[in-house]
Each structure stands twice: as structure tokens, then as C-alpha cells.
Amino acid sequence: YQMVDSSDYNAPTKRIRLIARFSLETMKEIVKPNICLKQKVSWWQAIKPFIYDLPINKLTIKQLKALSEVNQDKPLLIERCGYYYKPKIYPHMVQCPTIRAHVSIDDRGSYRRWANIIFEDVCYDVDIPHLGYLQGFPLNYNWGSNKGEAGRGIGNSVVPAVSHMVALSFGV
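Just so it is clear, the model here is predicted, and its values are computed rather than measured. (Residues numbered from 1 in each chain as written. Predicted model: local features only at pLDDT ≥ 70, side-chain atom pairs only at ≥ 80, totals over all residues. Heavy atoms only, no water.)

So, the environment of L131
1) Next: Turning to its location among the elements, L131 is positioned in helix α3 (residues 128-134).
2) Next: Distance from L131 to C96, taken between C-alpha atoms, is 9.8 Å for residues 35 residues apart in sequence. (Helix = DSSP H or I, 4+ residues; strand = E, 2+ residues; numbered from the N terminus.)

Put into C-alpha cells, the structure is as follows:
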């Protein structure tokens, strides 16, 4: 087995996966590609070129309360859900956290927005294509028409560059 960090494959997320192979044959080591950047890509570096393409929305009461308790430079990524806890806030210089499948689905199986971006005092929604982009997928990736299933797919996914390197390590 081997632990693989998606950020080593130029994804703007620190998404760590355990890759295990159950076989009599030995698995080749999953090699980091030569395209690795010396400096990791933050969520803001990844999304900044597309910020004005995102839909505008309003913050929830929990988000407003959480923002009032911090003094951080904008832009900020702030979770929309927060559940019983206050939403987590991510400054612009950190990598995007792993987006979990259950976070983007409500009890009825409908899509729930995962996070907002606060930039220039405007609240932007992170829509499905950009949510996938923050997890290492191309913007034109087809997630299908059901937003709930798309959110679950993003949460359960493995970054394409990581999948490719894992396949190579298996000799595929």
C-alpha cells in the first residue's frame, strides 16, 4: 500500500488516498510525476481566473457569524453547511480541503452547495464544475445533469492524474 497526496500531482487540493493492491504480485511504487510543482497550488490560485464566472449568492446566518469571529484577509473560502458546528474558513493561501461526498447531499438526496468564496465583499457560490476543478478535474468534465449525484461523485473521486499514475503502477 501507499499514501498518495493529490497535491503532488498539481491538484489544488490536499486529498490523500490510501492505494492498496491485493495480489500475489508486487505493486510498483506510485511515482510522482515530473510535473510536480515545488510550491503547492492554493484553492485561490486555482479559482481566481474564474471568480467572475461563479454565481453570486448570500451568506447564511452561520457563515456571517463565523466570519464575524475571525480577522483574516480576503479572499476566503467558507463552508456553507457547517451542520451543528460553525463553518470552517480557509484563507486564500491554503489548499482546498477534501470535499466529502456526504457534504454536498442533503437528506433527500438533493444537491447542497458546499462552500462560498468571499472576494471584494461579494459572496460567490462554488458550482459543480468549479467544485470538481478544485478537486483536480478539468472544468469541462461531465458530471451529468443530477447535481446531487455530481456532488457525491466529486466527494468520492480520485483525481484523474492520481488515477493515471496508479494505473501505470499496476502495469495497465
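Here the narrative resumes, following the displayed structure.
Section: a nonpolar patch on the surface
1) Next: A contiguous nonpolar surface patch, about 300 Å² in accessible area, is contributed by M3, I16 and L18.
2) Next: Its location among the elements puts M3 in strand β1 (residues 2-5).
3) Next: By relative accessible area, which is 51% here, M3 ends up exposed. (Patch = residues over 30% accessible without salt bridge, like charges linked within 9 Å, V, L, I, M, F, W, Y side chains within 5 Å. Areas by Shrake-Rupley, 256 points an atom, 1.4 Å probe, with all protein chains shown as cover. Salt bridge = Lys/Arg side-chain N within 4 Å of Asp/Glu carboxyl O. Buried < 20%, exposed > 50% of the residue type's maximum accessible area, 1.4 Å probe, protein only.)

Remarks on the side chain of D125
1) Next: Note on placement: D125 falls in strand β6 (residues 122-125).
2) Next: Look at D125 and you get buried, because its relative accessible area is 6%.
3) Next: Filtering out sequence-adjacent residues up to four positions away, D125 remains in contact with L54, P55, N57, R80, R113, A115 and N116. (Contact = heavy atoms within 4.5 Å.)

Quick word on the sheet that holds strand β4 (residues 89-91)
1) Next: Spatially, β4-β3-β5-β6 is the arrangement adopted by the 4 strands of the open sheet, whose pairing is antiparallel. The two strands at the open ends of the sheet, each matched to only one other strand, are β4 and β6. Neighbour-to-neighbour, the strand axes of the sheet open up by a mean angle of 25 degrees, direction not taken into account.
2) Next: Summarising the sheet, strand β5 (residues 115-119) and β6 pair through 4 bridges and their orientation is antiparallel. (Pairing = 2+ DSSP bridges. Axes fitted to C-alpha atoms, helices over the stretch in contact; angles between N-to-C directions.)

What about the packing of aromatic side chains?
1) Next: Counted according to the given criterion, the structure contains 8 aromatic pairs.
2) Next: Ring centres of Y52 and Y124 lie 6.4 Å apart, and the angle between their planes is 80 degrees; on these two criteria the pair is classed as edge-to-face. Taken together, the residues Y52 in the loop between α1 (43-47) and α2 (61-68) and Y124 in strand β6 connect sequence positions 72 residues apart.
3) Next: The structure contains a cluster of three or more aromatic residues connected by ring pairs, namely W43, W44, Y52, F119 and Y124. (Phe/Tyr/Trp six-rings, centres within 6.5 Å; stacked < 30°, edge-to-face > 60°.)

Points about the side chain of S42
1) Next: With respect to the helices and strands, S42 occurs in the loop between β2 (16-19) and α1.
2) Next: Residue S42 is classed as buried on the basis of its relative accessible area, which comes to 4%.
3) Next: A distance of 3.1 Å separates the side chain of S42 from the backbone oxygen of H92, its partner in a polar contact.
4) Next: Every residue in contact with S42, bar those within four places of it in the chain, is listed here: P12, H92, M93, V94 and Q95. (Polar contact = N/O pair within 3.5 Å; in protein donor to acceptor, adjacent residues only side chain to side chain.)

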